[in-house]
There are 2 protein chains.
Amino acid sequence: MQTKYNIVKQAIKSKILDGTFQPHQKISSESELMKQFGVSRHTVRLAVGDLVNNGWLYREQGAGTFCADRTQENNNTSVGNQKNIAIITTYISDYIFPSIIRGAETYLSQQGYHVSLFSTNNDHDNERRFLEKILTQHFDGVIIEPTKSAISNPNINYYLNLERQNIPYIMINAYYDELEPLSITLDDEKGGFLQTEHLIELGHKDILGFFKNDDSQGPKRMKGYLKAHRAHGIDINPSNIVTYKTEDKYDKPVSDLAAILDGPEGKRPTAIACYNDELTIALLDVIRERELNIPKDISIIGFDNSFLTNVSEVKLTSIKHPQSEMGEVAAQKMLSMVSNKHSNGKSNKNDLTSVVFDPELVVRSSTGLPKNK
Amino acid sequence: MQTKYNIVKQAIKSKILDGTFQPHQKISSESELMKQFGVSRHTVRLAVGDLVNNGWLYREQGAGTFCADRTQENNNTSVGNQKNIAIITTYISDYIFPSIIRGAETYLSQQGYHVSLFSTNNDHDNERRFLEKILTQHFDGVIIEPTKSAISNPNINYYLNLERQNIPYIMINAYYDELEPLSITLDDEKGGFLQTEHLIELGHKDILGFFKNDDSQGPKRMKGYLKAHRAHGIDINPSNIVTYKTEDKYDKPVSDLAAILDGPEGKRPTAIACYNDELTIALLDVIRERELNIPKDISIIGFDNSFLTNVSEVKLTSIKHPQSEMGEVAAQKMLSMVSNKHSNGKSNKNDLTSVVFDPELVVRSSTGLPKNK
DNA sequence: TCCGATTTGTTCGTATGTATG
DNA sequence: GCATACATACGAACAAATCGG
């Protein structure tokens, strides 16, 4: 329910949580807020009044409204033995995310932790909402997959606030470079390299590459693609690289491939390297429609070695992603960070280093020798 | 300082303290208070709003303002704003479960609830462990998908204990018959009927049916399969029914189908009705290996209308399962049960009835006319 | 010390939206 | 469908406290 006073309320709360308003600092006056949000004084007072009631602000007649100091309000911190870990991912129900989550959930659950899941649907606003929730309510730690990790993140302040409040967080799959956080990732560049090298070694020289470019995995995989070409002394045709954003994933790559396949036959690529298996499955339909045989007419390789490699008539060659293992490792690290926090200080330095998984090539039937070889 | 709203406030508070207003009793309406004290509505709302904030009253739109029950609000003061709902399913990361969970999680999260997930992996011991946790720690409600709902449940006592402790629970997908709980399900029998009837109407008379038999959905879908045969006056070949347990789902149906397809051609069924899409995808491989064309040589129909209907070269005809909608409805009902508990008693009877979703047939390319027709 | 500008506090009026019974 | 009751929102006025000059 989006009421005006609620919008004002959330906006003020956000500014407190992201550190714009520091404790005991004066916030905007009522008349300023009226202008800012284009609402009546009544509405502003409702919003501010709510926040005062919940301990976020305090008012002083004649002086102004001030940010409250919530530093040690947490008398309820140790609500018994209720330990909470949050997992934030872009999606929870799609593709390989369920596997990653399961790996973490199983471990955390066994260790007696409560696990809360949130999915940002690749939206920074949602990410902010959840970070606010974590800062507000009591959580012992967060495992987070960054949203749109390739572009600069508007919620950096919230992460810094997590650090200030001593709430440990771990990033998986990717990380925001500015933060240099503890992270559990796959070596995406090497993965992209293995993908392309496999095709090159089969004899392909004209390899179409599809890469998502709004998370940081995409550019890294593309870098591997380029490196493999260079390492084998093969020229790269710039038009062989197609990039797309998450919101276009259902349309752009499909129509781009269709255009290429319907173009002059001589210029048709003999192989395709895909950002992931999900895209590969989508592109299969384009190839089928044109009655091209895989891998005789065209080879195609996926990424992540997900369950999707196995659902179609063509079994996909792919690159192994640790999936549930990644989740489990993240969970283990998280718990050792949580216990370190309590035992205050030094610990196994082992536990506090980032992990980079090594990708492996898994060959199935979607890749083969090029036609004219 | 005697402000008008303070006078009103004190007067109402007095009536609560001297027992004029008993817990859950409706107090005077805002317009009545306006008359009584000769003040504006705004002033009344200020006074009442303060009392609501301090837990003396609660308001219900359209109904009135009521005296709160402050009898055992002791622990509530600090922990009270942390609302916890548990979701227990057999799996969290597989198949359609992520979608169901997402539907519930999104709604509960929006309403400010804290959601904890647990997966039993179809094991009664795990189910018991989680129920113990819920009984021990503070949870406001549970959304649960029964584990092995077809066979008698060893944890019935735990459910009865939930009732005794006044912790509301809702079952989704299936329910333990003995408990007669509030449940959100799909009409599985009708789904099975639609599946089979679709094949019969296409002209199939020899229809192989695969049904899981350790959850209650399986037998119901099978019942629909049988009913459709009877409704169309078609004899049922007993050997056309294959049942399997969850732990055999990767082996038994596949080997059984292989044996049948490798048998005498005359006795080969012309169509297959599957317990769900996941099984359907697995069986596709068996059919492909024998180079049979779908749907020309054999039709196959799935169940749940999951994302798997769309990943293969053959797009699966299936039966629609509400998935995320089921989760959301369960979450809504859960919250109205939780709030009823607090306002103690009467409520919309609407909210407290079970929901049975109506399945729909979704036709794609995996079903067609039988060969000799 | 007083003034005036600013800021929050109290109070009234009015209107429309939405849930309940 | 209708009356009732609470929810949201705009406008206006005056009071009381604060703060810099």
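So, how was this worked out
- Residues numbered from 1 in each chain as written.
- Chains lettered and ligands numbered in written order.
- Predicted model: local features only at pLDDT ≥ 70, side-chain atom pairs only at ≥ 80, totals over all residues.
- Heavy atoms only, no water.
- Helix = DSSP H or I, 4+ residues; strand = E, 2+ residues; numbered from the N terminus.
- Areas by Shrake-Rupley, 256 points an atom, 1.4 Å probe, with all protein chains shown as cover.
- Lys, Arg positive; Asp, Glu negative; His and termini not counted.
- Charge placed at Lys NZ, Arg CZ, Asp CG, Glu CD.
- Near = heavy atom within 4 Å.
- Polar contact = N/O pair within 3.5 Å; in protein donor to acceptor, adjacent residues only side chain to side chain.
- Nonpolar A, V, L, I, M, F, W, Y, C, P; charged D, E, K, R; others polar.
- UniProt positions renumbered as here; feature names shortened; annotations may be inferred.
- Pairing = 2+ DSSP bridges.
- Axes fitted to C-alpha atoms, helices over the stretch in contact; angles between N-to-C directions.
- Expected span 1.5 Å × (residues − 1).
- Buried < 20%, exposed > 50% of the residue type's maximum accessible area, 1.4 Å probe, protein only.
- Contact = heavy atoms within 4.5 Å.
- Core = buried A, V, L, I, M, F, W, Y, C linked by side-chain atoms within 4.5 Å.
- Parallel < 35°, antiparallel > 145°, perpendicular 65-115°, else oblique.
- Buried area = accessible area lost by both parts, 1.4 Å probe.
- Salt bridge = Lys/Arg side-chain N within 4 Å of Asp/Glu carboxyl O.

Undergrad: I keep staring at the overall build of chain A and nothing clicks. Help me out?
TA: A tally of regular secondary structure across chain A gives 11 helices and 14 strands. With the C-alpha coordinates of chain A rotated into their principal frame, the extents come out at 85 × 50 × 35 Å. Total accessible area on chain A stands at roughly 16500 Å², and carbon and sulfur atoms take up 47% of it. Within chain A, one finds 42 positive and 47 negative side-chain charges whose respective centroids are separated by 3 Å.

Undergrad: Sorry if this is basic, but what is going on with the protein's contact with DNA strand C here?
TA: Lining the immediate surroundings of DNA strand C are 23 residues, of which A:Arg41, B:Lys4, B:Ser40, B:Thr43 and B:Gln61 lie closest. For DNA strand C, a phosphate oxygen lies 3.1 Å from a polar atom in the side chain of A:Thr65. The set of elements that each furnish at least two residues to the surface near DNA strand C consists of helix 2 (30–37), helix 3 (41–53), strand 1 (57–60) and strand 2 (64–67) of chain A together with helix 1 (4–17) and helix 3 (41–53) of chain B. Element by element, the count of residues in the surface near DNA strand C is highest for helix 3 of chain B, at 3 residues. Tallied by class, the residues present in the surface near DNA strand C amount to 4 nonpolar, 12 polar and 7 charged.

Undergrad: Looking at this structure, how should I read the UniProt feature "domain: HTH gntR-type" (unreviewed entry) in chain A?
TA: When the UniProt feature table is mapped to this numbering, "domain: HTH gntR-type" (unreviewed entry) covers residues 2–70 of chain A. Counting secondary structure, residues 2–70 of chain A comes out at 51% helix and 12% strand; the distance between its end C-alpha atoms is 27 Å.

Undergrad: Where do I start with the sheet that holds strand 8 (residues 207–212) of chain B in this structure?
TA: Backbone-to-backbone hydrogen bonds pair the strands of a sheet. The strands run either parallel or antiparallel. Residues and elements named next belong to chain B. If you trace the 4 strands from one edge of the open sheet to the other, you get 9-8-10-11, paired in parallel fashion. Edge strands, defined here as strands with exactly one partner in the open sheet, are strand 9 (241–244) and strand 11 (299–301). In this sheet, adjacent strand axes meet at a mean angle of 15° when their direction is disregarded. Relative to strand 9, strand 8 runs parallel, the two being bridged by 4 bridges. When the bridges of strand 9 are listed, Phe211 appears paired with Thr243.

Undergrad: So what exactly am I meant to see when it comes to helix 5 (residues 124–136) of chain A here?
TA: Within an α-helix, residues lying three or four positions from one another point in the same direction, as the helix has 3.6 residues per turn. Here helix 5 of chain A spans 18 Å end to end across 13 residues, near enough to the 18 Å set by a 1.5 Å rise per residue. Of the residues making up helix 5 of chain A, those classed as buried are A:His124, A:Asn126, A:Glu127, A:Phe130, A:Leu131, A:Glu132, A:Lys133, A:Ile134 and A:Leu135. If you follow the buried residues of helix 5 of chain A, they end up packed against helix 1 (4–17), strand 3 (84–89), strand 4 (114–119), strand 5 (141–144) and helix 6 (156–164) of chain A together with helix 5 (97–110) of chain B. Sitting at the head of helix 5 of chain A, A:Asp123 places a side-chain oxygen 2.7 Å from the backbone nitrogen of A:Asp125.

Undergrad: Looking at this model, I keep getting lost on the nonpolar core. Mind explaining?
TA: Where a protein is soluble and globular, its nonpolar side chains tend to be buried together. The biggest cluster of nonpolar side chains holds 114 residues, and the ones touching the most others in it are A:Ile272 and B:Ile272. Those residues in contact with B:Ile272, other than ones at most four positions away along the chain, are B:Leu199, B:Leu208, B:Phe210, B:Leu257, B:Leu283, B:Ile287, B:Ile298, B:Ser299, B:Ile300 and B:Ile301. One finds A:Val48, A:Ala86, A:Ile144 and A:Tyr176 within the second-largest nonpolar core, a separate group that totals 34 residues.

Undergrad: Even after reading the chapter, I still don't get the environment of B:Leu283, so can you show me in this structure?
TA: All names here are of chain B. Tracing the backbone shows Leu283 in helix 11 (residues 277–289). For Leu283, a relative accessible area of 0% gives the class buried. Considered as a pair, Leu283 and Ile12 are 271 residues apart in the sequence and their alpha carbons are 70 Å apart. Setting aside residues no more than four positions away along its own chain, Leu283 makes contact with Phe210, Pro253, Val254, Leu257, Ile272, Cys274 and Ile300.

Undergrad: In this structure, what is going on with the packing of helix 2 (residues 30–37) of chain B against helix 3 of chain B? I would like to understand it.
TA: Packed helices, taken two at a time, are described by the angle between their axes plus the distance between the axes. Residue and element names in this part refer to chain B. Interaxial distance between helix 2 and helix 3 falls to 9 Å at its minimum, and their mutual angle equals 110°. Considered as vectors, helix 2 and helix 3 are oriented roughly perpendicular to each other. Judged by residue contacts, Glu30, Leu33 and Met34 of helix 2 engage Arg41, Val44, Arg45 and Val48 from helix 3. Here the residues of the contact of helix 2 with helix 3 sort into 4 nonpolar, no polar and 3 charged.

Undergrad: Help me out: how do you make sense of the interface of chain A and chain B in this one?
TA: How big an interface is tends to be expressed through the accessible area that disappears when the partners come together. Contacts between the two partners involve 38 residues from chain A and, on the opposite side, 38 residues from chain B. When the two sides are added together, the surface that chain A and chain B hide from each other amounts to roughly 3100 Å², 47% of it contributed by carbon and sulfur. Scanning the region where chain A abuts chain B turns up 2 salt bridges. The shortest N-O distance in the salt bridge between B:Asp285 and A:Lys315 comes to 2.7 Å. Applying the counting rule to chain A against chain B returns 7 residue pairs in polar contact (both at pLDDT 80 or more). Taken together, the elements giving at least two residues each to the side of chain A that touches chain B come down to helix 3, helix 4 (97–110), strand 4, helix 5 and helix 10 (277–289) of chain A. Here the element with the most residues in the side of chain A that touches chain B is helix 4 of chain A; it accounts for 7 residues.

Undergrad: Help me understand the protein's contact with DNA strand D in this model?
TA: Surveying the vicinity of DNA strand D reveals 23 residues, the closest of which are A:Lys4, A:Thr43, A:Gln61, B:Glu30 and B:Thr65. Sugar and phosphate atoms constitute 70% of the interface atoms of DNA strand D, taking the interface as everything within 4 Å of the protein. Within the side chain of A:Gln61, a nitrogen or oxygen atom sits 3.1 Å from a base nitrogen of DNA strand D. The contact in question runs from a phosphate oxygen of DNA strand D to an N or O atom on the side chain of B:Arg59, over 3.1 Å. Breaking the surface near DNA strand D down by element, the ones donating at least two residues are helix 1 and helix 3 of chain A together with helix 2, helix 3, strand 1 (57–60) and strand 2 (64–67) of chain B. The element contributing the most residues to the surface near DNA strand D is helix 3 of chain A, with 3 residues. Of the residues that constitute the surface near DNA strand D, the class distribution is 4 nonpolar, 12 polar and 7 charged.

Undergrad: Explanation requested: the environment of A:Pro23 in the structure shown.
TA: Residue and element names in this part refer to chain A. Relative to the helices and strands, Pro23 is located in the loop between helix 1 and helix 2. On a C-alpha basis, the gap between Pro23 and Cys67 in space is 4.9 Å, while along the polypeptide they are 44 residues apart. Not counting residues within four places of it along the chain, the set of residues in contact with Pro23 comprises Cys67, Ala68 and Asp69.

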